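The chain contents come next:
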Amino acid sequence: MSQPINFTRIVLNSRPVGDIEPQTFRPEQVSFASLKQKLGDNDVFVQVTWLSLDPAMRGWLRDVRSYLPPVQIGEVMRASGLGIVIAKGKKSKLPIGQLVTGTVGMTLSALFLISTNFESLYHSGWTEYAVLPEKHVTPINVPKGIQDIDFLNNIGMAGFTAYFGLKDVGNLRPGETLVVSGAAGAVGSLVCQLGKSMGAKVYAIAGSKDKCSWLVDEIGVDAAFNYKQKGWEEDFKKQVGYLDVYFDNVGGDILDFCLTRLKKDARIVLCGAISAYNSAKPKGLQNYLTLIAMRAKIQGFIVFDYENRYPEAVQVISKGLIDGSIKRKFHIVEGLEKAPEALPLLFSGGNTGKLVVKVADPKDVRAKL
Ligand SMILES: NC(=O)c1ccc[n+]([C@@H]2O[C@H](COP(=O)([O-])OP(=O)(O)OC[C@H]3O[C@@H](n4cnc5c(N)ncnc54)[C@H](OP(=O)(O)O)[C@@H]3O)[C@@H](O)[C@H]2O)c1
């Protein structure tokens, strides 16, 4: 194995008050040999190949009580990712060259989940190399028809969020009307497709004409609305009328508008509120009284609560990926050093589909082993 003298990792430099700024993160050069010295008997030494960029990462920068502790100043920025085992401790059983994920993962062939272990999150993240306890990484075998980066998307956190949010929280039934915001993103574009496959009428909301065309032409929604175009709400009222399930990825004004469009017994799936993630104090809702009149429900959820059922989602979604009925799009950013400037794309709408960073080419990594 050829070894660099130093490698790059990116740490949290200062907590952003509003938008992520250039000084929010800073790169550090670290001696490769010093990291390798930390390799214990039960550890693996991983070269990171891909990283997932997620809206939740903005929340992890906030020093508040949440479902995960905040990333601390000076710590490597937390992220889920994929990597290849390039060295291992004496007691490690994983082979050199094994593809692994540092957060959630599974051996697809066996369709079982090994574990979701948050401890591993503290060791991987925005770095080219990491030493991880073997028990905190999950080996991945990529079946035919699946790409490695699908494990960061439709058969990873985004996919599980779409699947359980729609099925369990939304309780979508055939013939119902489903509305999805953030529809051209990783979670949203899968929710739209699952909604169609469950026999619903599906209407998408997204932030550009191109995204709306993609949603209609490729993803197969019944209609898509560009919320940045003035008067879109009138078009929505004419074409959609009222809705049974609103899968909300964005919160804010779009959620407030959808609150006025509820049918009786409607369900609002509070998946995310990206419009509020950069503000210290989110804007309040005006139209929530319709929840009473319509006997409607609004429910938040966190995907990790469905951990023991991930295999069910993997089975359904991987089948769709393999037979081509589920479409996906990746927005790929090349190079770890680009991660800090790429993360804000999620907030400006610069991505269509799943935003990922290619840190190293898996073929190059394996060729050097
Ligand atoms: N509850 C959970 O367990 C869970 C798990 C994973 C993700 N999530 C949530 O799911 C949502 C989608 O995540 P993702 O990974 O799939 O991201 P994504 O949709 O791929 O990317 C974010 C998209 O949000 C849209 N957006 C940004 N600012 C907006 C604003 N002010 N108003 C309306 N739309 C805005 C942008 O698209 P446009 O061009 O359309 O504006 C952007 O492309 C996020 O809110 C995330 O926090 C929740």
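Residues numbered from 1 in each chain as written. Predicted model: local features only at pLDDT ≥ 70, side-chain atom pairs only at ≥ 80, totals over all residues. Heavy atoms only, no water.

Here the focus is the nonpolar core. Counting 63 residues, the largest nonpolar core has Leu-178, Cys-192 and Leu-215 as its most contacted members. With seven residues, helix α3 (residues 157-169) is the single largest residue contributor to this core. Taken together, domain 1 (6-149 + 329-367) and domain 2 (157-304) each give at least three residues to this core, which thus spans both. If you look at the next biggest cluster of nonpolar residues, it comprises 24 residues, including Phe-25, Val-48, Leu-61 and Val-359. (Core = buried A, V, L, I, M, F, W, Y, C linked by side-chain atoms within 4.5 Å. Buried < 20%, exposed > 50% of the residue type's maximum accessible area, 1.4 Å probe, protein only. Helix = DSSP H or I, 4+ residues; strand = E, 2+ residues; numbered from the N terminus. Domains from an automatic or database assignment.)

The next point concerns the domain arrangement of the chain. In terms of domain boundaries, the chain breaks down into domain 1 (6-149 + 329-367) and domain 2 (157-304). For domain 1 and domain 2, the distance between their C-alpha centres works out to 30 Å. Each side of the interface is counted separately: domain 1 has 21 residues, and domain 2 has 16 residues. Between domain 1 and domain 2 lies a buried interface of about 1500 Å² when both sides are counted; carbon and sulfur atoms form 65% of it. One can count zero salt bridges joining domain 1 with domain 2. Per-element accounting of the side of domain 1 that touches domain 2 gives the leading share, three residues, to helix α11 (residues 345-348). Of the residues contributing to the side of domain 1 that touches domain 2, the split by class is nine nonpolar, six polar and six charged. (Contact = heavy atoms within 4.5 Å. Buried area = accessible area lost by both parts, 1.4 Å probe. Salt bridge = Lys/Arg side-chain N within 4 Å of Asp/Glu carboxyl O. Nonpolar A, V, L, I, M, F, W, Y, C, P; charged D, E, K, R; others polar.)

Our focus in this paragraph is the sheet that holds strand β15 (residues 297-300). Sheet architecture is open: six strands sit in the order β12-β11-β10-β13-β14-β15, paired in parallel fashion. On the outer flanks of this sheet lie β12 (223-226) and β15, each paired with one strand and no other. Averaged over all pairs of adjacent strands, the angle between their axes in this sheet comes to 15°, without regard to strand direction. Strand direction decides the pairing type here: strand β10 (residues 177-180) and strand β11 (residues 201-206), joined by four bridges, are parallel. Looking at β11, one finds that Leu-178 is bridged to Val-202. Strands β11 and β12 of the sheet are contacted by helix α5 (residues 209-219), whose axis makes an angle of about 170° with β12. Across the sheet, helix α6 (residues 232-240) lies against β10, β11, β12 and β13 (243-248), angled at about 165° from β12, the strand it touches most. (Pairing = 2+ DSSP bridges. Axes fitted to C-alpha atoms, helices over the stretch in contact; angles between N-to-C directions.)

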